[in-house]
Amino acid sequence: FIKDYIDLFNLAGIKLTEIYSGESGLISFTGYTLAKESRSFVMLLADEMTFTTILWLDGAFYYYNSARCFHEQGTAEYASDIARSLSQLLQFMKAHQIETPLENIYLAGVSKEDEGLYRNAIMEMGIDVPACVYDFRFGNTSATTLAFTPDDTAPMPKYFLISSLEGIDTKSLVFSSIIVL
């Protein structure tokens, strides 16, 4: 699998410096985006079938988990699933005696119009952390492959190529690998 990428880029005269799996790519990408805004936070990325939860504490990645979801986005059941997933993460923190307070909960891959529904479900679970819908903005594109360059202030590689990127309509962000050039 990786050799195919290396061969393809070699044919194009491009030297790859790193290749990440989808999980590690998402963690790295979160570090280049959300971790610039908050030091201790949860990012819950939702697609139509799973919740991926990433926990950052004191500016460093701490925990990653994915769980299946069987409800439709925008429904009370889906909001309850989000709240339960976050509650389980907080129970994990308590069991591991993690006392670092969370600054924010970022919900990605869900509609901004449903933000109140998700916030209410989170508050009803007794979670007293600000929650908001976070929209990874890549511009107006529906391409399945997207390349971008960061601004000059971001300490990240010069180029990323995100492969198998689906649903750039802000409802779902799924990618299988990130390649750094």
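What counts and what doesn't
- Residues numbered from 1 in each chain as written.
- Predicted model: local features only at pLDDT ≥ 70, side-chain atom pairs only at ≥ 80, totals over all residues.
- Heavy atoms only, no water.
- Buried < 20%, exposed > 50% of the residue type's maximum accessible area, 1.4 Å probe, protein only.
- Helix = DSSP H or I, 4+ residues; strand = E, 2+ residues; numbered from the N terminus.
- Axes fitted to C-alpha atoms, helices over the stretch in contact; angles between N-to-C directions.
- Parallel < 35°, antiparallel > 145°, perpendicular 65-115°, else oblique.
- Left-handed = near helix turned anticlockwise from the far one by under 90°.
- Contact = heavy atoms within 4.5 Å.
- Nonpolar A, V, L, I, M, F, W, Y, C, P; charged D, E, K, R; others polar.
- Expected span 1.5 Å × (residues − 1).

(A) Expanded view of the pairing of strand E5 (residues 104–108). With respect to burial, E5 is a largely interior element, 5 of its 5 residues being buried. By the alternation rule, side chains of E5 split into Asn-104, Tyr-106 and Ala-108 and Ile-105 and Leu-107, which are all buried.

(B) Highlighting the packing of helix H3 (residues 76–95) against helix H4 (residues 115–124). With their axes 8 Å apart at the nearest point, H3 and H4 run at an angle of 50° to one another. In this view, H3 runs oblique relative to H4, as classed from their interaxial angle. In terms of crossing hand, the pair formed by H3 and H4 is right-handed. Seen from H3, the contacting residues are Ala-76, Tyr-78, Ala-79, Ser-80, Ile-82, Ala-83 and Leu-86; seen from H4, they are Leu-117, Tyr-118, Ala-121 and Ile-122. Considering only residue class, the contact of H3 with H4 consists of 10 nonpolar, 1 polar and no charged.

(C) How the structure looks around H3. Compared with an ideal rise of 1.5 Å per residue, which puts 20 residues at 28 Å, H3 spans 28 Å between its outermost C-alpha atoms and is within 8% of the ideal. Among all positions in H3, only Tyr-78, Ala-79, Asp-81, Ile-82, Ala-83, Ser-85, Leu-86, Ser-87, Leu-89 and Met-93 are buried. Where the residues of H3 are buried, they touch strand E2 (41–46), strand E3 (50–57), strand E4 (60–68), E5 and H4. Note on H3: the residue one or two positions beyond its end, Gln-97, has a positive phi of about 55°.

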